[in-house]
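One letter stands for each residue in the lines below.
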Amino acid sequence: MSESCPPGMERVFVGLDTPDYARAQDLVERLSGLVGGFKLGKEFLAAQGPKVAREVVGAAPLFLDVKFHDIPNTVASALRALAPQAPAIVNVHASGGPAMLRAAAEAVERAAEEQDRPRPWLIAVTVLTSLDDTDLVAVGQSGPVADQVVRLARLAQDCGLDGVVCSPREITALRAACGADFKLVVPGIRPAWAAAGDQKRIMTPAEAVAAGADRLVIGRPITAASDPADAARRIAAEIGAEIDAASSS
Ligand SMILES: O=c1ccn([C@@H]2O[C@H](COP(=O)(O)O)[C@@H](O)[C@H]2O)c(=O)[nH]1
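Residues numbered from 1 in each chain as written. Predicted model: local features only at pLDDT ≥ 70, side-chain atom pairs only at ≥ 80, totals over all residues.

Caption draft 1: Spotlight on the site of the ligand. Close to the ligand lie 14 residues, the nearest being Gly-15, Thr-129, Pro-187, Gly-219 and Arg-220. Broken down by class, the residue content of the shell around the ligand amounts to 6 nonpolar, 6 polar and 2 charged. (Near = placed C-beta within 6 Å. Nonpolar A, V, L, I, M, F, W, Y, C, P; charged D, E, K, R; others polar.)

Right, dumping it as structure tokens:
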């Protein structure tokens, strides 16, 4: 599917945040060929489970946005249980700590080997994009957010993870701290024409691409549009213009 995407759109995973199978399936049908993959998270997984997530996206790249945060043994075991769905990306919370992150990395590696499947990217959520500096202080963490994001990303990298979930605003700092190969998967994406909603650390799709995001996670700007395919095409045009401008400068 990703091969036929408009330029740059192979990086876009659409967040199908619905508990409803038919709604998710309809979005997959409308958006196939326009985007690089689909992200199914807590809403869908709580209602339908990971097997159905694979069924609904078919052969498309699947990001299982489970955001595990538990003791090491539990997280490792839960990640092994997801392996048969052959996700392209899975995630945990970096704040689960070093032992949990190492157990997660080992479990993902081993499950892929045992089942002879490509290993998914294992990435760690740093600071949720719905939080700002004030929220961070409210949960007892020292800010600013960007410092905490870099701190958790370094921890995830040291523990063998492939990358992190961060806001587009931290991409530059993370590239400097963790290097070019560390995967940056970026929600908090809002075209100028979309409402921010509960997201606090946002950038436009073109800005996130220019900053160097490896993957963009976009939900409501596409899924809540009256015509999701048209919204995806508008985003494709913005990203395409950014890619053209970068290549001619
Ligand atoms: O820090 C994070 C981590 C995950 N998400 C998820 O991404 C999508 C964003 O959806 P929008 O509708 O584009 O806001 C959603 O599924 C979140 O669970 C995030 O936003 N921030």
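From this point, things continue past the structure.
Caption draft 2: Structural context of the sheet that holds strand S2 (residues 37-40). If you trace the 8 strands once around the closed barrel, you get S1-S2-S3-S4-S5-S6-S7-S8, paired in parallel fashion. Within this sheet the neighbouring strands show an average axis-to-axis angle of 25°, counted without direction. When strand S1 (residues 12-15) meets S2, the two strands line up parallel, connected through 3 bridges. The residue bridging Phe-13 from the neighbouring strand is Gly-37, located in S2. Packing against the sheet, helix H4 (residues 72-82) makes contact with strand S3 (62-68) and strand S4 (89-93), and its axis sits at approximately 165° to S3. (Pairing = 2+ DSSP bridges. Helix = DSSP H or I, 4+ residues; strand = E, 2+ residues; numbered from the N terminus. Axes fitted to C-alpha atoms, helices over the stretch in contact; angles between N-to-C directions. Contact = placed C-beta atoms within 7 Å.)

Caption draft 3: Region of the structure containing the UniProt feature "domain: Orotidine 5'-phosphate decarboxylase" (unreviewed entry) in the protein. Mapped onto this structure's residue numbering, the UniProt feature "domain: Orotidine 5'-phosphate decarboxylase" (unreviewed entry) falls at residues 11-235. For residues 11-235, the helix share is 45%, the strand share is 16%, and the end-to-end C-alpha distance is 12 Å. (UniProt positions renumbered as here; feature names shortened; annotations may be inferred.)

Caption draft 4: Representation of helix H7 (residues 145-158) within the structure. Between its terminal C-alpha atoms H7 stretches 20 Å, which fits the 20 Å expected from 14 residues at 1.5 Å a residue. Taken as a whole, H7 has its buried residues at Val-145, Gln-148, Val-149, Leu-152, Ala-153, Ala-156 and Gln-157. Burial along H7 is one-sided: seen end-on, the buried residues are contained in an arc of 165°. Where H7 is buried, its residues meet helix H5 (98-114), strand S5 (121-125), helix H6 (133-138), strand S6 (163-165) and helix H8 (171-178). (Expected span 1.5 Å × (residues − 1). Buried ≥ 20, exposed ≤ 12 C-beta atoms within 10 Å, placed from the backbone. Arc of directions from axis to C-beta.)

Caption draft 5: Quick look at the packing of H7 against H8. In the contact formed by H7 and H8, the axes pass within 10 Å of each other and the chain directions differ by 35°. You can see that H7 and H8 cross each other, and the crossing is right-handed. Where H7 approaches H8, its residues Ala-146, Val-149, Val-150, Ala-153, Arg-154 and Gln-157 are matched on the opposing element by Ala-173, Leu-174, Ala-177 and Cys-178. Looking at the contact of H7 with H8, its residues break down into 8 nonpolar, 1 polar and 1 charged. (Left-handed = near helix turned anticlockwise from the far one by under 90°.)

Caption draft 6: Layout of the UniProt feature "active site" (unreviewed entry) in the protein. Sequence positions flagged by UniProt for "active site" (unreviewed entry) are, in local numbering, Lys-67. Inspection of the secondary structure assignment puts Lys-67 in strand S3. Residue Lys-67 is classed as partly exposed on the basis of its 16 C-beta neighbours within 10 Å. Excluding its chain neighbours within four sequence positions, the residues that come into contact with Lys-67 are Asn-91, Val-92, His-93 and Val-125.

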